[in-house]
Amino acid sequence: MGTALDQYGVAGHPVGHSLSPFIHGMFARETGQRISYRLYDVPPAEFHQRVRAFFAQGGRGLNVTLPHKIAAVEVAHELTPRAAYAAAVNTLAARPDGILGDNTDGAGLVRDLCDNLGVAITRRRVLVIGAGGASRGILGPLLGLAPEVLVIANRTPQRAQALAAQFTELGVVRGVGFAELDQPFDLIVNATSASLAGELPPFPPTVIGPQTVCYDLAYGRSATAFIEWANLQGCMRALQGWGMLVEQAAESFRLWRGIRPDTAQVLAALKERSESA
Ligand code: NAP
C-alpha cells in the first residue's frame, strides 16, 4: 500500500495557463520526491477560506499567483524577512505552528541574472520599470547586490516614489516618472504588466546604451513588445523572464522539500515546449 502523496499546488485566478505543475513535476522526478501538485482556481473572495481549508486538510504548500500575492500576506501566520519587506507572498508552506509566507520572486530573478546569464549588478546602474507586486518582490534582492543606484520608474510616479521610500535603508534607490529618465542604465528590468497586453510603457530610448542589458519579467512564445523595442534601440542583450519563472519555483521547492532542484533541464524543456506549442 502506497502512502498518500504530500499535496502542493498553485492558487491563482485565472490559473489554467500556469506552467507551475509542469515545472514542479519535473523537479519532483529529478529529485526523487513523491508529491502531488495541482492547479487551484480561486476567486479573490474565497482566497482566505480556501487556503486555510487546504492547509487544515494536510496540504504542505502553495504557490500564489495573480491576483492573490497581497492577500497571501494576511493568510500567513509568519513571514520570512524578504516577504515582509516585499509585502507580497508567492509561496506558502505548512509549518508546525501555522502557515509560513515567503517571496521567492526576487531570489529567482537574481539567480537567473547572476548565475544563469552572467549579468553584473554590483556597482551598476539599475532601472526597474513598474511599481506593482512584482517590483516589490525584486527590489530587496537587487539592492542586496549593491548596485551604484537603483531607479524605480513608473507611469504613476507617486507609486514609484512611495516604493523607493520603503527601501532606502537597503541602498541608493529613487522613484521617478518616465519623463525624468535621461541617461543610459546598465540593467533595465521591466516589471510592468504592460507586456501581458502587448503594450510598451512610454519611456525614452535614452535609457538604452550599447552596454545595456534588458530583462522582461514577462515571457512568451515570441518576443514581448519590450524585448522588441530594446533590440531596436541597440541594447547589448534582451532577455525574457523564463529563467526567473523556473528559479523562483526552485526556491519554493527548496523551502518545501529542503532540496534545491537543478534548473537547467527544466529551463531547456520549457523553452522547447513553448517553441513547439
Ligand atoms: P501589477 O501589480 O499589476 O503591476 C502593474 C505595474 O505595471 C504598475 O506599475 C503599472 O503602472 C504598470 N503598467 C501596467 N500597464 C502599463 C502600461 N501600459 N504602461 C506603463 N505601465 C504599465 O503586476 P505584477 O504582479 O507586478 O506583474 C508584473 C509583470 O511581472 C507581469 O508581466 C507578470 O507576468 C510578471 N512576473 C513574472 C514573474 C516570473 O517569474 N518571470 C514573476 C512575477 C511576475 P501604474 O502604477 O501606473 O498603474
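Scoring rules and cut-offs
- Residues numbered from 1 in each chain as written.
- Predicted model: local features only at pLDDT ≥ 70, side-chain atom pairs only at ≥ 80, totals over all residues.
- Heavy atoms only, no water.
- Pairing = 2+ DSSP bridges.
- Helix = DSSP H or I, 4+ residues; strand = E, 2+ residues; numbered from the N terminus.
- Contact = heavy atoms within 4.5 Å.
- Axes fitted to C-alpha atoms, helices over the stretch in contact; angles between N-to-C directions.
- Salt bridge = Lys/Arg side-chain N within 4 Å of Asp/Glu carboxyl O.
- Buried < 20%, exposed > 50% of the residue type's maximum accessible area, 1.4 Å probe, protein only.
- Parallel < 35°, antiparallel > 145°, perpendicular 65-115°, else oblique.
- Left-handed = near helix turned anticlockwise from the far one by under 90°.
- Nonpolar A, V, L, I, M, F, W, Y, C, P; charged D, E, K, R; others polar.
- Domains from an automatic or database assignment.
- Buried area = accessible area lost by both parts, 1.4 Å probe.
- Near = heavy atom within 4 Å.
- Polar contact = N/O pair within 3.5 Å; in protein donor to acceptor, adjacent residues only side chain to side chain.
- Areas by Shrake-Rupley, 256 points an atom, 1.4 Å probe, with all protein chains shown as cover.

Points about the sheet that holds strand 4 (residues 78–79)
In step 1: Taken together, six strands build an open sheet; the order of strands is 2-1-3-5-6-4 and the sheet is mixed. The open sheet has two free edges, formed respectively by strand 2 (35–41) and strand 4, since each of these has just one partner strand.
In step 2: Where strand 1 (residues 6–12) meets strand 2, seven bridges bridge the pair, whose relative direction is parallel. Its bridge partner being in strand 2, Gly-12 is matched across the sheet by Asp-41.
In step 3: In this fold helix 2 (residues 47–56) packs onto strand 1, strand 2, strand 3 (61–64), strand 5 (91–95) and strand 6 (98–102), with an angle of close to 155° to the strand it touches most, strand 3.
In step 4: Across the sheet, helix 9 (residues 242–257) touches strand 1, strand 2, strand 3, strand 5 and strand 6, and the angle it forms with strand 5 is around 5°.

Considering the pattern of salt bridges
Pairing of side chains with opposite charge becomes possible as their charged atoms draw close.
In step 1: Applying the stated criterion across every chain yields a total of nine salt bridges.
In step 2: A salt bridge links Arg-82 to Asp-102; its shortest N-O distance comes to 2.8 Å. You can see Arg-82 sitting in helix 4 (residues 81–86) and its partner Asp-102 sitting in strand 6, a full 20 residues away along the chain.
In step 3: According to the relative accessible area criterion, Arg-82 is partly exposed, its value standing at 30%.
In step 4: Note that Arg-260 is salt-bridged to Glu-251, the shortest N-O span being 3.4 Å.
In step 5: The class of Arg-260 is partly exposed, set by a relative accessible area of 24%.

Considerations on the pairing of strand 5
In step 1: Counting buried positions over the five residues of strand 5 gives four, a clear majority of the element.
In step 2: Here three bridges tie strand 3 to strand 5, and the two strands are oriented antiparallel to one another. Counterpart to Leu-62 in the pairing with strand 5 is Leu-92.
In step 3: Hairpin connection from strand 5 to strand 6: two residues lie between these consecutive antiparallel strands.

Things to note about the packing of helix 5 (residues 105–116) against helix 6 (residues 133–143)
In step 1: In the contact formed by helix 5 and helix 6, the axes pass within 7 Å of each other and the chain directions differ by 50°. Judged by the angle between their axes, helix 5 and helix 6 are oblique. Considering the relative orientation of helix 5 and helix 6, their crossing is right-handed. Of the residues in helix 6, those in contact with Asp-105, Gly-106, Ala-107, Leu-109, Val-110 and Leu-113 of helix 5 are Gly-137, Ile-138, Pro-141 and Leu-142.
In step 2: Looking at the contact of helix 5 with helix 6, its residues break down into seven nonpolar, two polar and one charged.

Section: the domain arrangement of the protein
Note: interface size is frequently given as the accessible area lost on complex formation between the parts.
In step 1: You can read the domains of the protein as domain 1 (6–103) and domain 2 (106–242).
In step 2: Each of domain 1 and domain 2 has a C-alpha centre, and the two are 26 Å apart.
In step 3: Tallying the contact residues gives six residues for domain 1 and ten residues for domain 2.
In step 4: Across the interface of domain 1 and domain 2, roughly 690 Å² is buried in total on both sides, 63% from carbon and sulfur atoms.

Some details on the site of the ligand
In step 1: Around the ligand, 26 residues are found, and the nearest of them are Ala-134, Asn-154, Thr-156, Arg-159 and Glu-199.
In step 2: One of the backbone nitrogen or oxygen atoms of Ala-131 is found 2.8 Å away from an oxygen atom of the ligand.
In step 3: Gly-241 is positioned with one of its backbone polar atoms (N or O) 3.2 Å from a nitrogen atom of the ligand.
In step 4: Coverage of the ligand by the protein amounts to 83% of the 950 Å² it exposes when considered alone.
In step 5: Elements represented by at least two residues in the shell around the ligand include exactly helix 6 and helix 9.
In step 6: Here the shell around the ligand is composed, by residue class, of twelve nonpolar, nine polar and five charged.

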